[in-house]
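Next come the chains, spelled out residue by residue.
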Amino acid sequence: MAESVQSAVRQRRRFRLRHPIAHLVLCIGAVFMVGPFLWQLSTSLQTFGESVSVPPTFLPHSPQWSNVTTVFSALPFGHQLLNTTLMTIARTVGQVLFSALAGFAFARMQFRGRGVLFAIFLSVTMVPYQVFLLPQFQIMQKLGLLNTLVALFLPGMFSAFGTFLMRQFFRQLPIEIEEAARIDGANILQIFWRIMLPMAAPGMIALGVLVIIWSWNDLLWPLVVNSDPRQMPVSAGLASLQGQYTTNFPVLMAGSLLASLPVIIVFIVFQRHLMSGIAFSGVKG
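A brief structural summary. Position labels on residues start from 1 in each chain and follow its written sequence. Where local features are concerned, this predicted model is filtered to residues with pLDDT of at least 70; where side-chain atom pairs are given and counted, the filter is 80 or more; whole-chain, interface and lining totals use all residues. By convention in this description, side-chain values take in all heavy atoms of the structure and omit both hydrogens and water.

1. Some thoughts on the packing of helix H10 (residues 188-199) against helix H11 (residues 201-217)
Formally: Fitted lines through C-alpha atoms serve as axes, helices being fitted only where they are in contact, and the angles separating the N-to-C directions of these axes extend from 0 to 180 degrees. To qualify as a helix, a DSSP run of H or I must reach at least 4 residues; to qualify as a strand, a run of E must reach at least 2; elements of each kind are numbered from the N terminus. Contact criterion: two residues are considered in contact whenever any of their non-hydrogen atoms come within 4.5 Å of each other. Charged means Asp, Glu, Lys or Arg here, nonpolar means Ala, Val, Leu, Ile, Met, Phe, Trp, Tyr, Cys or Pro, and polar covers whatever is left, Gly included.
Where H10 contacts H11, the axes come no closer than 5 Å and their chain directions differ by 65 degrees. Contact residues: H10 offers Leu197, Pro198 and Met199, while H11 offers Ala201, Pro202 and Met204. Its residues assigned to classes, the contact of H10 with H11 shows six nonpolar, no polar and no charged.

The structure is reproduced here in structure tokens:
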């Protein structure tokens, strides 16, 4: 009895010692995470001289709110924001729908060559994204889609990673529900659309959030297929503000801050669904 009491006392002491250390580590991590955002906010309110001063200026002497309006005069920012929104919506809807269809087929349907075909799907994730740029550009060129909104989202509507994620999620769903639906006379499309798809909502939300973040920040592909500023998304438009010799950093940071707010809000709203969906889909291989 005395030994158990002493053991409990030692465990409590270790817990009390680790508790402030854990908080200290978390606070340091929070500083590294929030620090760049605070620096971006501070720079967006500075003058150009303050942004390039040495030593650096952390707080603006007089906040320059005009930097926000300068973004709209330097770029067709509203039009580019609309392009980014439409591109993100199209990519998200396409990836979630096609990935759910393919993931359900690989997880639930039995057909010859399923394993080989799925291995080919997975091999795509091992190839660098830049390898596909030239073939995709040539396809868009032959279709006459360069400098159009369709060129921004069409190749991004399909994802091998999304297929893998949804396959893992569908494999965790109980097979008894599918068997009961078959006994009741439901065909494969009815099982997918009416039963499995609603049950896979957490996985679809997780995939959707990942696609939104990736699409909103995509830069390389829009720079390749679109050279017209009015057909660019916000990411490519902000990249054009960087000059060869000088860059107006306050205006660039103000535009980056405005472009970051929507995706930050989406992540905050759906972060619980994102974590739970990924965790559930990764229970088994």
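2. Quick word on unusual backbone geometry
Put simply, Val54 and Pro55 share a cis peptide bond, and its omega is 0 degrees. Relative to the helices and strands, Pro55 resides in the loop between helix H2 (48-51) and helix H3 (66-74). Of note, the phi angle at Asn147 is positive, near 60 degrees, even though the residue is not glycine. Tracing the chain through its elements places Asn147 in the loop between helix H6 (133-142) and helix H7 (149-153).

3. Here we look at the pattern of salt bridges
Put simply, the test is: Salt bridge, as used here, is a side-chain nitrogen of Lys or Arg placed within 4 Å of a carboxyl oxygen of Asp or Glu. A simple rule labels every residue: compare its accessible area, found with a 1.4 Å probe on the protein chains alone, to the largest value its type can have, and call it buried under 20%, exposed over 50%, or partly exposed in between.
Counted according to the given criterion, the structure contains three salt bridges. For the salt bridge of Arg91 with Asp218, the shortest nitrogen-to-oxygen distance reads 3.0 Å. On the criterion of sequence distance, the pair formed by Arg91 in helix H4 (residues 77-108) and Asp218 in the loop between H11 and helix H12 (220-225) is long-range, its members being 127 residues apart. Its relative accessible area of 1% is what places Arg91 among the buried residues. Taking relative accessible area as the criterion, Asp218 reaches 7% and is therefore assigned buried. For Glu178, the salt bridge identified is with Arg182, shortest N-O distance 3.1 Å. Here Glu178 pairs with Arg182, and both are found in helix H9 (residues 175-183), just four residues apart, close to one helical turn. In the salt-bridge network here, residues are joined through shared partners; they are Arg108, Glu178 and Arg182.

4. So, the environment of Gln64
Position of Gln64 relative to the elements: it lies in the loop between H2 and H3. Spatially, the C-alpha atom of Gln64 lies 4.7 Å from that of Leu45, the residues being 19 residues apart in sequence.

5. Observations regarding the side chain of Asn67
Selection rule: Between N or O atoms, a polar contact is any pair within 3.5 Å; within protein, one atom must be a potential hydrogen donor and the other a potential acceptor, and residues adjacent in sequence are included only when both atoms are from side chains.
Tracing the backbone shows Asn67 in helix H3. Residue class for Asn67 comes out buried when judged on its relative accessible area of 9%. Within the structure, Asn67 has its side chain in polar contact with the backbone oxygen of Gln46 (distance 3.1 Å). For Asn67, the residues in contact, after removing those within four places along its chain, are Ser44, Leu45, Gln46, Pro250, Val251 and Ala254.

6. Points about the nonpolar core
Counted only if it meets this: Here, nonpolar core refers to any group of buried Ala, Val, Leu, Ile, Met, Phe, Trp, Tyr and Cys residues whose side-chain atoms link them within 4.5 Å.
Of all hydrophobic cores here, the largest spans 17 residues; its most connected members are Phe104, Met166, Phe170, Phe192, Met196 and Leu207. When contributions to this core are tallied by element, the ones reaching two or more residues are H4, helix H8 (160-172), H10 and H11.

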